[in-house]
Amino acid sequence: MTPPARVTPSTRTAQATPAPAAMPARRPGVGRAADPTVRSAGQPVATTVPGGGLLRHRDFRLLWAGQTASAIGSNVTALALPLVAVTVLDAGTFVVAVLTAAAWLPWLLVGLPAGAWVDRLPRRPVMIVCDLASALLFLSVPVAAAIGALTVTQLLVVALGAGLARVFFETADQVYLPTLLRPEQVPEGNAKLQATQTASYVLGPGLAGVTAQLAGAVTALLLDALSFLVSAACLLRIRTVEPRPERAGRSRSLRREIGEGIRFVARDPYLRVLTAFGAASNVGLVGYQAILVVFLVREARLAPAPVGALVAAMSLGGIVGALLATTLGRRLGTARAMLLAAAFTGPPALLIPAAGPGGRLALPAIGGMLVSLGVAVGNVLKGSFRQTYTPHQLLGRVTVSMHMLNYGTIPLAAVLAGAVGSAYGAGTAIAVMTGWLALTPAILLIGPLRRRRDLPVAPKLL
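Because the structure is a prediction, the values reported are computed rather than measured.

Asks: I'm lost on the packing of helix α1 (residues 58-88) against helix α6 (residues 217-236) in this one. Help?
Replies: When two helices pack together, you describe them by how their axes are tilted relative to each other and by the distance separating the axes. Packing of α1 against α6 brings their axes to within 7 Å, and their N-to-C directions diverge by 160°. On the basis of the axis angle, α1 is roughly antiparallel to α6. Remark: the crossing between α1 and α6 carries left-handed chirality. Residues belonging to the contact of α1 with α6 are distributed by class as follows: 18 nonpolar, eight polar and one charged.

Below you can see the structure in the form of structure tokens.
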């Protein structure tokens, strides 16, 4: 359960599900200059303001601002890219689904080596390069349209290239946050980032729908290109000095380092079951999202602006979930809150295929709100748990090992939904995908979460 209520073919998270989700972290700065301090050997650097919260961290505010702009741009693209395919290039259901698949395919192709590479490299420069590359990719679409050269092939290349940048950005981002924040600050940092991320699921589609109706869907992609540049500029201004990645054992092969991350996830009962749940739930979550625009435009007969408004409404629950996640974890226990979040993620999705004209549009809005609420709570809790539970020198590899399975199911889900939609109609495909999603919370009952109030703070030595 990673990407939240919309899947974006761009470089920022969850978590998707896919995306996503699950949907991405930053660093502490200060209102006045503070000296960076190293907490202990191998631990991240953090700058703090005595008596201040994360809102007084200059560097965290920069990270937060950059990610907010980036997230809004990404969710403009989440609606604008399929709208370009459907309204400008007259693409079919399967082609639109393949666009989503292309955006997530790099997790299968390069996900594992990316985790090992990120553990060897300084993370902030990696994130900046990814932002700049993504800006150029999305800028190429309106340029090609202006000269009459835009094709479906180019859209696929852009989705694939931006997805590749996303693999490196998101992996580096997950490792970078704990270098800026103390362990006890990580949940608050994730919650703030998740709140603005989920808010972007409301603002982005609405902005994309209005822009597409007034100026064309291609023009909306310019907003995403600009948002990547804003993100890169914010990252460049961060002052916190990132500790050098540990160099011990660098003579070892890349394959061996990758294996360490996989084994850590496979042997740990908590990470193992969370990964299995994320992979299974993303099949249903991304499956229905991949063809939702086609369903709303061609079967529900909605114009771009109402499509954007409905998708935005479906995402409202994510804002509430992100704001409540740390409180729920504290009051109910993090393990119990994770189970509650999964319950919201599954069965309410059955309301989505009941969409229809007039008052029946309220059904997918309510179902989507509850699903996005559950995804947001789960993403905050799972992300914070992984970042504080995993040994820091393994965090990049552990993150990408989980993401490879979580996100690796997304191309399969998108292609499967597209194939079912082409054969039997988009409405049938959405019913199949949401039916599967409703069953996936049972996976979490297989592992040790059902017996605990809280998730553990450190793994047992094996």
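Asks: Looking at this structure, I do not really get the nonpolar core. What am I missing?
Replies: It is characteristic of soluble globular proteins that their nonpolar side chains tend to be buried jointly. If you look at the biggest cluster of nonpolar residues, it comprises 95 residues, and the most contacted ones within it are L155, Y288 and L296. It is helix α4 (residues 152-180) that provides the largest number of residues to this core, a total of 13 residues. Among residues more than four places away in sequence, those in contact with L155 are L81, V84, A85, L89, L99, V141 and L150. In this structure, F264, V273, A325 and F385 belong to the second largest nonpolar core, which totals 26 residues.

Asks: What's the story with the confidence of the model for the protein chain in this structure? I'm lost.
Replies: Reading predicted coordinates in detail is not appropriate for stretches of low pLDDT. For the protein chain, per-residue confidence averages 77 on the pLDDT scale, and residues scoring 70 or more make up 84% of the total. In this model, residues 1-51 is a region of pLDDT below 50 whose contacts with residues beyond four sequence positions or in other chains number 278 contacts.

Asks: Sorry if this is basic, but what is going on with unusual backbone geometry here?
Replies: For D90, which is not glycine, the phi dihedral falls at a positive 55°. The class of D90 is exposed, set by a relative accessible area of 60%.

Asks: What should I look at first to understand helix α14 (residues 395-424) in this one?
Replies: The terminal C-alpha atoms of α14 lie 43 Å apart, and with 30 residues this matches the ideal 44 Å at 1.5 Å per residue to within 8%. M404 marks where α14 bends most, by close to 30°. Judged by how many residues are buried, α14 sits mostly within the fold: 22 of 30 residues are covered.

Asks: So what exactly am I meant to see when it comes to α6 here?
Replies: Since the α-helix advances by 3.6 residues per turn, residues separated by three or four positions end up pointing in the same direction. Over its 20 residues, α6 extends 30 Å from the first C-alpha to the last, a length consistent with the 28 Å expected when each residue adds 1.5 Å. Those residues of α6 that sit buried are A217, V218, A220, L221, D224, A225, S227, F228, S231, A232, C234 and L235.

Asks: What is the right way to look at a nonpolar patch on the surface in this model?
Replies: A cluster of nonpolar side chains, L105, L108, L109 and L160, forms an exposed patch at the surface whose accessible area comes to about 340 Å². Tallying contributions element by element places helix α2 (residues 93-120) first for the nonpolar patch, with three residues. In this fold, L109 is placed in helix α2. Accessibility expressed as a relative area gives 57% for L109, which makes it exposed.

Asks: Hey, could you run me through the pattern of salt bridges in this one?
Replies: Any two side chains of opposite charge can pair, given that their charged atoms come close. In total, this model carries three salt bridges according to the counting rule given. Here D59 ties to R58 by a salt bridge, and the two come within 3.0 Å at their closest N and O atoms. Neither D59 nor R58 differs from the other in exposure class; each is buried.

Asks: Explain the packing of helix α8 (residues 269-290) against α14 here, please?
Replies: Two numbers describe how α8 lies on α14: the axes approach to 7 Å, and their chain directions differ by 30°. It follows from the interaxial angle that α8 and α14 lie roughly parallel. Where α8 crosses over α14, the two elements pack in a sense that is right-handed. In this structure, α8 uses L271, L274, T275, G278, A279, N282, V283, V286, G287 and A290 to contact α14, whose residues at the interface are V398, M402, L405, N406, Y407, T409, I410, A413, A414 and A417. Here the contact of α8 with α14 is built from residues that sort into 14 nonpolar, six polar and no charged.

What counts as what
Residues numbered from 1 in each chain as written. Predicted model: local features only at pLDDT ≥ 70, side-chain atom pairs only at ≥ 80, totals over all residues. Heavy atoms only, no water. Axes fitted to C-alpha atoms, helices over the stretch in contact; angles between N-to-C directions. Helix = DSSP H or I, 4+ residues; strand = E, 2+ residues; numbered from the N terminus. Parallel < 35°, antiparallel > 145°, perpendicular 65-115°, else oblique. Left-handed = near helix turned anticlockwise from the far one by under 90°. Nonpolar A, V, L, I, M, F, W, Y, C, P; charged D, E, K, R; others polar. Core = buried A, V, L, I, M, F, W, Y, C linked by side-chain atoms within 4.5 Å. Buried < 20%, exposed > 50% of the residue type's maximum accessible area, 1.4 Å probe, protein only. Contact = heavy atoms within 4.5 Å. pLDDT = per-residue confidence, 0-100. Expected span 1.5 Å × (residues − 1). Bend = angle between axes of the 7 residues up to and from the residue. Patch = residues over 30% accessible without salt bridge, like charges linked within 9 Å, V, L, I, M, F, W, Y side chains within 5 Å. Areas by Shrake-Rupley, 256 points an atom, 1.4 Å probe, with all protein chains shown as cover. Salt bridge = Lys/Arg side-chain N within 4 Å of Asp/Glu carboxyl O.

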